[in-house]
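Breakdown of the fold
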Amino acid sequence: MAFAKVHHRLVVLAVLAALAPFSLSCGSGDALGLEDYQRDLLGLVVGPIIEEIFFPEEPAPAGPAGQSCWDLNGNGVGDDEEDTNLDGVVDVLDCRSGPVAVSATSAMIAPCADINDNHTADAEEDINGDGFVDDMDCLALMGFGGINCWDLNGNGENDPDEDANGDGQFDALDCQGTPGTAGAAGAAGAAGAGGPGGPAGAAGLACWDLNGNRQGDPEEDINGDGDLNSLDCQGSQGDLGAPCWDLNGNGVGDPEEDVNQDLQFDALDCQGPHGDPGAPCWDINANGVGDQSAEFIGVDIYKDLH
């Protein structure tokens, strides 16, 4: 290859020499009438073009194929265990780090989660506590990628039974628990300030306004005096009460009810029997005897009066 490339260069130089037969002598003046610097420029420009047209380079042989990212054992074959996403195809989608159960050893463990770089899913590397060491633990290390509160089984998917409130959405509203029992009633607060007085109520009905129309109707002038007032509110005359002498209330003057025996039944029969005589006014101690001292004065006065 190196020899062919030198041969091509010599041919190009020969062509250029043919175009400028006097270029070997010093000074100017050649078949094209070019100066030295012009010939140099011509060689730089035309030479590569002639070489490319008449002597193109052969392409270099291809290098060996690289190892696919999914080819964990480097055998160049898509093995079943290399189909990490289980879609039936071994391709670049299988190159992602997959979840590795805690305590398991696997080349597929996420490098960012393999803190101690021992290719083993250690318990302390399961940052989000889902039982696997994977990319989610890498996000958890950075403060991202936690499991949603509604993701009860931690599979990162919206399962129908995780839509707790049945609204078709998977969000924080599905994370609410059942309502708790009502708490005990609090103590009564202090009485509030009295409110403003209400408006005055309508005037009440007059006692004579029997139909409540607030007007004086003719039939409401009960006593017929032409005025509507409280006199029209009096009821009918009641029955006469029994006389005071009618002790048995039969309305008839019975002989035993003529107490004073004057053959009349009147208020005089309503008097009770005579009471005992009172003590004389001079009988200060009410013993019926004119005692000495002060009562003598009274006796003298009594005698003088009688």
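Residues numbered from 1 in each chain as written. Predicted model: local features only at pLDDT ≥ 70, side-chain atom pairs only at ≥ 80, totals over all residues. Heavy atoms only, no water.

**Overview of the confidence of the model for the protein**
Rules: For every residue, the predictor states its confidence as a pLDDT score lying anywhere from 0 to 100. In what follows, residue pairs with any heavy atoms lying within 4.5 Å of each other are defined as contacts.
Residues with a pLDDT of 70 or more make up 66% of the protein, whose mean pLDDT is 74. Counting interchain partners and residues more than four positions distant, the pLDDT-below-50 stretch residues 20-29 has 11 contacts.

**What to know about the state of the cysteines**
Our working definition: The criterion for a disulfide is a pair of cysteine sulfur atoms lying within 2.5 Å. Each helix is a run of H or I in the DSSP string that is no shorter than four residues. Each strand is a run of E no shorter than two, and both are numbered from the N terminus.
Across all of its chains, the model carries 3 disulfides by this definition. Between the sulfur atoms of Cys244 and its disulfide mate Cys270 the distance is 1.8 Å. Across the disulfide from Cys244 to Cys270, rotation about the S-S bond amounts to roughly 80 degrees, and the bridge is consequently right-handed. In this pair, Cys244 is assigned in the loop between helix H3 (135-141) and helix H4 (294-305) and Cys270 in the loop between H3 and H4, connecting sequence segments 26 residues apart.

**Overview of the side chain of Asp174**
For clarity, the cut-off: Burial status follows relative accessibility: with a 1.4 Å probe on protein chains alone, a residue under 20% of its type maximum counts as buried, one over 50% as exposed, and anything between as partly exposed. Polar contact criterion, stated in full: a pair of N or O atoms within 3.5 Å, where within protein one must be able to donate a hydrogen and the other to accept it, and residues adjacent in sequence count only if both atoms are side-chain atoms.
Note that Asp174 resides in the loop between H3 and H4. A residue is classified by how much of its surface remains accessible, and Asp174, at 7% relative accessible area, is buried. Of note is the side chain of Asp174, whose polar atom sits 3.1 Å from the backbone nitrogen of Asn165. Excluding residues that lie within four positions of it along the chain, Asp174 makes contacts with Trp150, Glu162, Asp163, Ala164, Asn165, Asp167 and Gln169.

**Considering the packing of aromatic side chains**
Rule in force here: Note on ring pairs: Phe, Tyr and Trp rings are taken, using the six-membered ring of Trp, and paired if centres are within 6.5 Å. Classes follow the plane angle, with under 30 degrees stacked, over 60 edge-to-face and the rest tilted.
Taken as a whole and assessed by the stated rule, the structure comprises 2 aromatic pairs. Centre to centre, the rings of Trp150 and Phe170 are 5.8 Å apart; their planes meet at 55 degrees, and the pair counts as tilted. Within this pair, whereas Trp150 is found in the loop between H3 and H4, its partner Phe170 is found in the loop between H3 and H4, the two being separated by 20 residues in sequence. With relative accessibility at 9%, the residue Trp150 sits in the buried group. Phe170 sits in the partly exposed class, given a relative accessible area of 24%. Relative to Phe265, the ring of Trp245 has its centre 5.4 Å away and its plane inclined at 45 degrees; by these criteria the two rings are tilted. In this pair, Trp245 is assigned in the loop between H3 and H4 and Phe265 in the loop between H3 and H4, connecting sequence segments 20 residues apart. Look at Trp245 and you get buried, because its relative accessible area is 13%.

**Some thoughts on the side chain of Asp258**
Its place among the elements puts Asp258 in the loop between H3 and H4. Taking the relative accessible area as the measure of exposure, Asp258 reaches 5% and is therefore buried. In terms of polar contacts, Asp258 uses its side chain to reach the backbone amide nitrogen of Leu263, at 2.7 Å. With near-sequence residues (within four places) excluded, Asp258 lies in contact with Leu263, Gln264, Phe265 and Asp269.

**With respect to unusual backbone geometry**
Excluding glycine, residues mostly carry a negative phi; peptide bonds, for their part, are mostly trans. Of note, the phi angle at Arg214 is positive, near 60 degrees, even though the residue is not glycine. Here the phi dihedral of Gln261 falls at roughly 55 degrees; this positive angle occurs in a residue that is not glycine. Structurally, Gln261 is set in the loop between H3 and H4.

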